[in-house]
Amino acid sequence: MNQQITRMSPSVFVLILLCLMPIQSSSSSPTLTITPRILKKSGDTVLIEWSNVSSPSNLDWLGIYSPPDSSHDCFIGYKFLNTSPSWASGSGSISLPLTNHRSNYSFRIFRWTLSEVDLTRLDEDHNPLPGTAHLLSQSEPLGFAAGRGPEQVHLAFTDVESEMRVMFVAEDAEERYVRYGEEEEKMDEVALARVERYERDDMCDAPANTSVGWRDPGWVFDGVIKCLKKGVRYYYQVGSDSKGWGTTHSFVSRNEDSDETIAFLFGDMGTATPYSTFLRTQDESISTVKWILRDIEALGDKPAFISHVGDTSYARGYEWLWDQFFVQIEPVASKVAYHVCIGNHEYNWPLQPWRPDWAKTIYGTDGGGECGVPYSLKFHMPGNSSEPTRTHAPATRNLYYSFNNGVVHFVYISTETSFFPGSSQYNFIKNDLESVDRNKTPFVVVQGHRPMYTTSNDKKNARMREKMLEHLEPLFVKNQVTLALWGHVHRYERFCPLNNFTCGSMGFNGEKSEAFPIHVVIGMAGEDWQPIWAPRANHPNVPRFPQPQRSMYRGGEFGYTRLVATKEKLILSYVGNHDGEVHDRVEILASGQVLNNGGAGGSICSVTAGSGPSGAGFEVADSKFSWYVKGASLLILSAVMGYVLGYISRSRKVNSLRKTWTLANTEAVDTACGVLGLGDSVLLQFLHSFVLKCIRIPLPP
Ligand SMILES: [Fe+2]
């Protein structure tokens with residue numbers, strides 16, 4: 001053989017090489033394989049493997065497509081190949097848990113070069129979206145097994161106490177049912193679900209009505225199961241014999257006679273994706289769902305429900321994120337009713353019907369063109385509120401409603417549609433608050449999306465807050481609303497009992513308490529963008545953010561709130577996601593008197609998971625005997641606290657008269673003043689900082 005090669009002329013040798021090259025190139029083409037080809041259900045994982053990627057680059061990426069024939073730019077997500085440890089070898093793998101979008105997936109790998117970076121195509125984080133000019137390889141399609149039943153199950157109360165609404169999504173409109181019963185092995189009762197869907201041209205703006213954002217949303221099924229006994233656990237499945245039945249779930253039915261109420265409340269949670277996409281998604285939402293699931297499971301057979309006060313999925317016109325959201329919440333929403341109110345990210349679009357001049361910069365494009373359609377059809381809340389979209393899109397629903405749950409009357413309102421006197425919503429709120437039977441429900445909790453009070457530096461919504469204070473606060477105060485819960489600001493903040501920015505008496509000194517509403521901002525469940533707290537008015541550019549006296553507790557930690565109420569007392573606790581523990585809580589008597597000032601006091605230790613007299617994982621209801629004992633103790637405690645607060649109050653007045661600074665953030669000052677080890681190069685800067693931050697200058701009055 002060697003002799004034969006030696007005898008070849010150079011031209012023949014080159015010819016042979018040229019002939020061999022395509023064969024050699026073909027044998028080393030990039031490959032992309034997936035295992036398995038069929039997944040059973042949402043959340044199952046596919047292993048995506050590639051090999052033979054020559055000269056691997058940091059910009060090589062994997063596109064995730066559903067449906068599989070989507071054009072290259074219409075991916076639902078992407079991951080860079082360098083997230084695989086072995087990527088530099090030209091081979092690697094990525095595991096992805098996938099959501100069933102009722103159509104197959106496919107995967108493609110692309111080469112993207114620096115010269116092709118297009119700074120006009122950016123994601124929400126202002127990163128350029130990857131280019132699709134050079135396809136390296138494409139996988140076979142991946143599907144989901146047929147016959148496993150619908151997914152995205154979520155419950156809701158109806159206007160009838162003995163009912164429970166069950167909603168879910170399926171791939172076609174063929175009849176589906178809810179079958180249920182008190183025993184898991186005997187689900188003999190059946191309810192037919194009605195079905196609805198919406199189309200691409202129901203969407204009002206981009207990206208919802210574009211090929212990038214739009215995907216087939218499937219068919220939304222809505223079944224109501226009736227004649228439920230009070231406070232009983234029911235097992236149920238959704239589906240049909242011909243198309244298959246889903247997972248068996250269970251819930252505990254409502255009981256309005258109960259002298260106990262348990263709810264988990266938060267706003268602005270969103271969803272998380274295992275890939276990058278056009279929007280920044282909310283990774284923290286995973287922890288929020290995890291801790292609430294822990295609490296629900298700890299309750300045993302006690303009923304509860306969830307309240308999500310707007311900005312639910314943050315899909316904002318990217319339809320597949322709604323699937324992602326409902327799959328993510330199913331572990332909790334299939335066990336307890338999941339109640340919502342509308343937020344800007346479900347609704348706002350340039351032609352929305354109610355957009356007064358003062359609100360033109362407030363009501364922007366935050367809905368991503370959805371104009372409330374997915375929100376209105378994918379949820380079905382009590383009541384019959386609706387506003388026309390003034391397009392051919394279905395009317396916007398789930399705007400305002402109320403229900404009793406145990407000892408609490410819950411009211412949900414819309415800050416995205418008119419709440420002015422004369423509007424149907426205003427009339428509803430007024431009539432509803434005036435007709436509450438406080439003997440039956442001594443507590444009233446109102447929830448809406450945009451807050452009436454916040455100390456966040458959220459200037460954009462200032463006019464909205466003015467209008468809410470003008471039109472809604474008088475109703476809240478007059479009707480002695482116990483709690484007003486809000487989202488939109490992605491922080492937790494609890495205020496004193498408020499009326500027109502003024503704290504009412506909390507009764508700490510034994511004086512008569514003023515039962516003003518306690519406003520709490522609870523938009524900390526997942527979305528992470530937020531203006532920082534408001535700076536001082538006279539030093540807007542100096543980073544100091546004093547906490548006004550009316551703001552009793554504020555924190556930036558992600559989490560949710562837990563409401564536990566008996567006839568005598570309502571407790572609202574702020575649970576942080578980093579540890580699942582309580583970081584603030586407030587206790588309010590039926591009279592409106594505030595029993596404690598929350599904070600990280602010792603009392604919160606008694607409500608940590610796994611403890612508590614009810615065995616439900618946290619403190620649920622005190623016995624009357626212990627309540628009387630605690631009442632006596634609290635009287636003594638109130639007297640002591642009154643003395644202490646009186647002393648503090650007098651001290652503050654003296655300080656005020658002396659016109660001296662009380663620095664709000666002493667920790668920051670200590671830090672700034674403690675950096676004496678800085679090098680000479682920043683000495684002047686440090687001295688300047690020191691003069692500004694450490695020398696106390698008299699305040700103007
Ligand atoms: Fe919002």
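Residues numbered from 1 in each chain as written. Predicted model: local features only at pLDDT ≥ 70, side-chain atom pairs only at ≥ 80, totals over all residues.

1. Looking at the sheet that holds strand S7 (residues 106-111)
Piece 1. Pairing within the open sheet is antiparallel, and its four strands lie in the order S5-S4-S7-S8. On the outer flanks of this sheet lie strand S5 (77-80) and strand S8 (134-138), each paired with one strand and no other. For this sheet, the mean inter-axis angle between neighbouring strands, taken without regard to orientation, is 30 degrees.
Piece 2. Taken together, the four bridges between strand S4 (residues 61-65) and S5 define a ladder with antiparallel strand orientation. Residue pairing in the sheet places Leu62 in a bridge with Lys79 of S5. (Pairing = 2+ DSSP bridges. Helix = DSSP H or I, 4+ residues; strand = E, 2+ residues; numbered from the N terminus. Axes fitted to C-alpha atoms, helices over the stretch in contact; angles between N-to-C directions.)

2. Observations concerning the environment of Ser250
Piece 1. Mapped onto the secondary structure, Ser250 falls in strand S18 (residues 249-252).
Piece 2. Accessibility expressed as a C-beta count within 10 Å gives 14 for Ser250, which makes it partly exposed.
Piece 3. A C-alpha to C-alpha distance of 8.6 Å links Ser250 and Glu184, two positions 66 residues apart in sequence.
Piece 4. Those residues within four positions of Ser250 in sequence are excluded, and the remaining contacts are Arg233, Tyr234, Tyr235, Tyr236 and Lys335. (Buried ≥ 20, exposed ≤ 12 C-beta atoms within 10 Å, placed from the backbone. Contact = placed C-beta atoms within 7 Å.)

3. A few points about the sheet that holds strand S6 (residues 92-97)
Piece 1. Here we have three strands laid out as an open sheet, ordered S1-S3-S6, and antiparallel in their pairing. Single-partner strands in this sheet number two, and they are strand S1 (31-35) and S6. Looking at each pair of strands side by side, their axes are set apart by 20 degrees on average, direction ignored.
Piece 2. Note: strand S3 (residues 45-51) against S6, six bridges, orientation antiparallel. If you follow Thr45 over to S6, its bridge partner there is Pro97.

4. As for unusual backbone geometry
Piece 1. With an omega dihedral of 0 degrees, the bond running from Ser66 to Pro67 counts as a cis peptide bond.
Piece 2. You can see Pro67 is positioned in the loop between S4 and S5.
Piece 3. Residues Ala206 and Pro207 are joined by a peptide bond in cis, for which omega reads 0 degrees.
Piece 4. Secondary-structure assignment places Pro207 in the loop between strand S14 (194-196) and strand S15 (219-225).
Piece 5. In this structure, Arg102 takes a positive phi of about 65 degrees despite not being glycine.
Piece 6. Looking at the secondary structure, you find Arg102 in the loop between S6 and S7.
Piece 7. The backbone of Gln152 shows a phi angle near 60 degrees, a positive value even though the residue is not glycine.
Piece 8. Along the chain, the position of Gln152 falls in strand S10 (residues 151-156).
Piece 9. Judged by the 28 C-beta atoms lying within 10 Å of it, Gln152 is buried.

5. Some words on the confidence of the model for the protein
Piece 1. For the protein, per-residue confidence averages 85 on the pLDDT scale, and residues scoring 70 or more make up 81% of the total.
Piece 2. In this model residues 1-26 is a low-confidence stretch, pLDDT under 50, and it forms one contact with partners more than four residues away in sequence or in other chains.
Piece 3. Across residues 600-617, confidence stays below pLDDT 50; counting only partners more than four residues off in sequence or on other chains, it has 33 contacts. (pLDDT = per-residue confidence, 0-100.)

6. Observations regarding the packing of helix H3 (residues 285-298) against helix H4 (residues 320-333)
Piece 1. For the pair H3 and H4, interaxial distance at closest approach is 9 Å and the crossing angle is 15 degrees. If you check the angle between H3 and H4, you find them roughly parallel. Viewed along their axes, H3 and H4 form a crossing whose handedness is left-handed. Residue-level inspection shows Ser285, Val289, Ile292, Leu293 and Ile296 of H3 in contact with H4, the latter providing Gln328, Ile329, Pro331 and Val332.
Piece 2. Taken together, the residues that form the contact of H3 with H4 break down as seven nonpolar, two polar and no charged. (Parallel < 35°, antiparallel > 145°, perpendicular 65-115°, else oblique. Left-handed = near helix turned anticlockwise from the far one by under 90°. Nonpolar A, V, L, I, M, F, W, Y, C, P; charged D, E, K, R; others polar.)

7. Some remarks on H3
Working note: α-helix, 3.6 residues per turn, so residues spaced by three or four point in the same direction.
Piece 1. In this model H3 runs 20 Å from its N-terminal to its C-terminal C-alpha over 14 residues, within 8% of the 20 Å that 1.5 Å per residue would give.
Piece 2. Those residues of H3 hidden inside the fold are in contact with strand S19 (260-266), strand S20 (305-308), H4, strand S32 (559-566) and strand S33 (569-576). (Expected span 1.5 Å × (residues − 1).)

8. Comments concerning the nonpolar core
Piece 1. Counting 154 residues, the largest nonpolar core has Val166, Val336 and Ile522 as its most contacted members.
Piece 2. Among the elements that take part in this core, H4 stands out by supplying nine residues, more than any other.
Piece 3. Counting residues domain by domain, this core receives three or more from each of domain 1 (11-144) and domain 2 (151-622).
Piece 4. Once residues lying within four places of it in the same chain are set aside, the contact partners of Val166 are Val153, Leu155, Val178, Gly223, Ile225, Tyr236 and Val238. (Core = buried A, V, L, I, M, F, W, Y, C linked by C-beta atoms within 7 Å. Domains from an automatic or database assignment.)

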